[in-house]
Each structure stands twice: as structure tokens, then as C-alpha cells.
Amino acid sequence: AVLLDCLALLGPGADDATAAATAEFLGWVFRTALVVGFGVAGDVKRLMTSYPARLAPMAIAAAEAAAAEDLGRRDGGGRVYGVRTVCVREVALSRGVDAASAVSLASLCRALLGGRELDKSQQKSDWGTRPLNPAQIRYAALDALVPAMIVRRLLATHPAATAAAASAASAAA
């Protein structure tokens, strides 16, 4: 999981060199990684539209690279701005997890990670104030890490998920 303070690195207070290096790093991540999350397509759209001047060249290049690929998937995956994404909720539902357990990341965490609770209290906190407080950083890190943990659990406990993940990985390559 990767955690970046996008406001600090891409926002109006960021110097051009830092923003360019961050956009270059994000471009590399988005070209080489499968981005997993709960509603991750919306997160990618929000990132791209929040910093259009900083990320436009990266978004255009990624979209052009993806244009020739078959984007129709049935495994919870897809592309947004050329970024390969997998929604953990869609994967869980396609593997037989009941809808009530897949209503949120917290409910999936509870259902698939041994009853662990995911504290979402920081979700609506003031993310515009710097520095971020330790609780916000912990929340953001878990919000990035837990979807990957859930996918790993699905791969281990739902045999059909293994085939879907292999299919997604080969399609994304």
C-alpha cells in the first residue's frame, strides 16, 4: 500500500518540481500496479479531477495506452483514466459474499478478516488542515491496506477468486 499526502504534494502550495515528481511517480504506479480499493474508481476520478493541471499529461498518456485494450471485465476490475482498478466489493460479491457483508469496507473487514473492526471515524474529519493528525494517517493507511488484505483473504478462502484474480492479472499485463 502507498500513502501520499496529495494536497501537500500536488496542491497549490506544492512547488512545481515536487508536483512533477509526484505525478511521475503516480504515473509509474498507475502503469504498473493494480489499484485495489472499495469504490476505487471514484477515488481515482476524484484524484484526477482534484489536480487536473498537475495530472493531465499522466491521465492522457494512461488513457491512450489503455484505449486498445478490451476493458470489459466481470471480475470487479476495470480502468478509470487508464488506471487498472479492482473494487474489492465487486470481487467479494462475485465470489459469493452476501450483500449485507459487502455494504462497506468496514463490513467486509468484519466479515472476512476475523471480525476485525475498521474505525472509520476519521473519514469525515478535516483533511484540508496540515499537518494531518496521527489518527488521520492511521485511517488513511488502513483504508489503503485493508482492501488488499481482503483480496488476499478472498484468494485464500474462495477458490473461484483465484481464477478471477489470475484472469484479471493476465488481462492487466
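Refer to the structure printed above.
This write-up is about the structure you can find in this document. Remember, it's a predicted structure, so these values are computed and weren't measured experimentally.

**Some remarks on the packing of aromatic side chains**
Here's step 1: Applying the stated rule across the entire model yields two aromatic pairs.
Here's step 2: Their ring planes at 50 degrees and their centres at 5.9 Å tell us that tryptophan 127 and tyrosine 139 sit as a pair that is tilted. With tryptophan 127 in the loop between helix H6 (105-112) and helix H7 (134-157) and tyrosine 139 in helix H7, this residue pair connects regions lying twelve residues apart in the sequence.
Here's step 3: Its relative accessible area of 27% is what places tryptophan 127 among the partly exposed residues.

**Here's the deal with the environment of cysteine 87**
Here's step 1: Of note, cysteine 87 is situated in strand E3 (residues 83-87).
Here's step 2: What makes cysteine 87 buried here is its relative accessible area of 13%.
Here's step 3: Along the chain, cysteine 87 and valine 151 lie 64 residues apart, while their C-alpha atoms are 9.6 Å from each other.

**Things to note about the environment of arginine 153**
Here's step 1: With respect to the helices and strands, arginine 153 occurs in helix H7.
Here's step 2: For arginine 153 and leucine 112, which are 41 residues apart along the polypeptide, the C-alpha to C-alpha distance reads 6.8 Å.
Here's step 3: In this view, arginine 153 contacts Leu112, Leu113 and Gly114; residues no more than four positions away in its chain are not counted.
Here's step 4: At 3.0 Å, the side chain of arginine 153 forms a polar contact with the backbone oxygen of leucine 112.

Basis of the calculations
- Residues numbered from 1 in each chain as written.
- Predicted model: local features only at pLDDT ≥ 70, side-chain atom pairs only at ≥ 80, totals over all residues.
- Heavy atoms only, no water.
- Phe/Tyr/Trp six-rings, centres within 6.5 Å; stacked < 30°, edge-to-face > 60°.
- Helix = DSSP H or I, 4+ residues; strand = E, 2+ residues; numbered from the N terminus.
- Buried < 20%, exposed > 50% of the residue type's maximum accessible area, 1.4 Å probe, protein only.
- Contact = heavy atoms within 4.5 Å.
- Polar contact = N/O pair within 3.5 Å; in protein donor to acceptor, adjacent residues only side chain to side chain.

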